[in-house]
Amino acid sequence: MFLHCGIACRRKSFWCYRLLSTYVSKTRYLFELKEDDDVCRKAQQTGAFYLFHNLAPLLQTSERQYLPPRLSLSQLERLLGKFGQDTQRIEDSVLIGCSEQHEAWFALDLGLNSSSSISASLQKTEMETELKGSFIELRKAVFQLNEKDTSLLFTARALLRWHDTHQFCSRSGQPTKKNMAGSKRVCPFNKIIYYPQVAPVVITLVSDGTRCLLVRQSSFPKGMYSALAGFCDIGESLEEAVRREVAEEVGLEVDKLQYSASQHWPFPNSSLMIACHATVKPGQTEVSP
Ligand SMILES: NC(=O)C1=CN([C@@H]2O[C@H](COP(=O)(O)OP(=O)(O)OC[C@H]3O[C@@H](n4cnc5c(N)ncnc54)[C@H](O)[C@@H]3O)[C@@H](O)[C@H]2O)C=CC1
Ligand SMILES: [Mg+2]
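On a predicted model such as this, the values are computed, not experimentally measured, just so you know.

Reading guide: rules and limits
- Residues numbered from 1 in each chain as written.
- Chains lettered and ligands numbered in written order.
- Predicted model: local features only at pLDDT ≥ 70, side-chain atom pairs only at ≥ 80, totals over all residues.
- Heavy atoms only, no water.
- Donors = N, O, S within 2.8 Å, 3.2 Å for Na, K, Ca; no water.
- Helix = DSSP H or I, 4+ residues; strand = E, 2+ residues; numbered from the N terminus.
- Buried < 20%, exposed > 50% of the residue type's maximum accessible area, 1.4 Å probe, protein only.
- Domains from an automatic or database assignment.
- Contact = heavy atoms within 4.5 Å.
- Buried area = accessible area lost by both parts, 1.4 Å probe.
- Salt bridge = Lys/Arg side-chain N within 4 Å of Asp/Glu carboxyl O.
- Polar contact = N/O pair within 3.5 Å; in protein donor to acceptor, adjacent residues only side chain to side chain.
- Expected span 1.5 Å × (residues − 1).
- Arc of directions from axis to C-beta.
- Core = buried A, V, L, I, M, F, W, Y, C linked by side-chain atoms within 4.5 Å.

Take the coordination of the magnesium ion (ligand 2) next. Distances from the magnesium ion (ligand 2) to its protein donors, Ala229 (O) and Glu249 (OE), fall within 2.1 to 2.2 Å. Of this pair, Ala229 sits in strand β13 (residues 228-231) while Glu249 sits in helix α8 (residues 238-250), placing them 20 residues apart in sequence. With a relative accessible area of 29%, Ala229 lands in the partly exposed category.

Note: interface size is frequently given as the accessible area lost on complex formation between the parts. Partitioning the chain into domains gives domain 1 (20-194) and domain 2 (199-280). Relative to domain 2, the C-alpha centre of domain 1 lies at a distance of 31 Å. With seven residues of domain 1 at the interface, the matching set in domain 2 holds eight residues. Taken together, both faces of the contact between domain 1 and domain 2 bury some 700 Å²; the carbon and sulfur share is 65%. Taken together, the connections running from domain 1 to domain 2 amount to zero salt bridges. Between domain 1 and domain 2 we count four residue pairs in polar contact (both at pLDDT 80 or more) in total. Mapped onto the side of domain 1 that touches domain 2, the elements with two or more residues apiece are α6 (138-141) and α7 (147-165). Tallying contributions element by element places α7 first for the side of domain 1 that touches domain 2, with five residues.

With that settled, consider α7. In this model α7 runs 27 Å from its N-terminal to its C-terminal C-alpha over 19 residues, within 8% of the 27 Å that 1.5 Å per residue would give. Along α7, the residues that are buried comprise Asp149, Thr150, Leu152, Leu153, Phe154, Ala156, Arg157, Ala158, Leu159, Leu160, Trp162 and His163. Between a side-chain oxygen at the N-terminus of α7 and the backbone nitrogen of Lys148 the separation is 3.1 Å; the capping residue is Asn146.

Attention now goes to helix α2 (residues 22-35). With 14 residues, α2 should reach 20 Å at 1.5 Å per residue; the first-to-last C-alpha distance of 20 Å fits that figure. Taken as a whole, α2 has its buried residues at Tyr29, Leu30 and Leu33. The arc enclosing the buried residues of α2, seen along the axis, measures out at 100°, which places them on a common side. Opposite its buried face, α2 presents the exposed residues Arg28 and Phe31, each directed more than 90 degrees away.

A separate point is the environment of Ser207. Within the element layout of this structure, Ser207 appears in strand β11 (residues 199-207). Judged by its relative accessible area of 17%, Ser207 falls in the buried class. With 37 residues separating them in the primary sequence, Ser207 and Ser170 have C-alpha atoms 43 Å apart. Contacts of Ser207, omitting those with residues within four sequence positions, involve Cys212, Ala278, Thr279 and Val280.

With that settled, the discussion passes to the nonpolar core. Ranked by size, the top nonpolar core spans 26 residues in total, and within it Leu33, Leu51, Leu76, Leu79 and Leu131 carry the most contacts. Taken together, the elements giving at least two residues each to this core come down to α2, α3 (37-46), β1 (48-53), β2 (56-62), α4 (73-82), β5 (94-98), β6 (104-109) and α5 (124-131). Here this core takes four residues from α4, the largest share from any one element. Contacts of Leu33, omitting those with residues within four sequence positions, involve Val39, Cys40, Ala43, Leu95, Ala104 and Ala181. Formed by 23 residues, the second largest nonpolar core is a distinct cluster that contains Val94, Leu145, Leu153 and Ala156.

Now the structure itself:
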């Protein structure tokens, strides 16, 4: 019976192994990196590092496009050495993804004051010269980056900012400690675990069937319009948030709505933008901002 089970299981695991897609294998590896500090530390040896300075990514220009250069661990250690920094600072890096071949990708901000070493912000201009690139505000660079780099740098910015602003336990007041991957912070005093926060936001294109409604905030650059957006309140469903935001901001009542797509948005804090199409009742199209 035992033998039979053993064979069956082995067969089963053989099939499981064979059937694992590259995507599933990558996803499980990322999960392991988040859960196991030793595996993550090992992954840094063969990984690649994206650099930031005060949340602005290091970018190089190539044919009117921006490309984020990647450094190996030894290149990063050499750089830190050159600027008189302790390699301990690498502990501040956060995991942002990995390749299909399991090369792990990390992001490190050299401009923010480090939490794991006493070193302060590194000089921006000197670093730009050394690295043959510029630290450019992500919001300004976004239209000259490809989709894959945008997504990685958005994740990196959001995670780096979250760690920078969540260094203390809100109950004990003690410094919290980040795990290697940066997927959480723990208070060593009372063991509370803090996970990176994402605020759900609805963004809705309202239409009366023939026209759609675009709006602008006074803070927008001249000529910029967008669909209606707003943060979800605690206790609300997605549908309730859309109805409330539309009523609050333009005084219209939503009749029907449909989910369309979603996107992570790291400005100013991490939010999940959930996009919907909404229609108002016929004849009820008087806008009151
Ligand atoms: N991708 C796009 O085209 C657009 C993106 N957005 C983004 O959508 C988000 C929400 O848009 P708004 O019209 O500003 O929201 P909103 O209409 O909910 O108004 C903002 C106000 O909501 C309150 N608020 C409630 N929860 C909040 C939270 N978790 N974080 C910050 N403020 C909170 C604050 O009082 C704040 O002043 C922003 O992050 C903005 O960057 C907004 C418009 C266009
Ligand atoms: Mg709004």
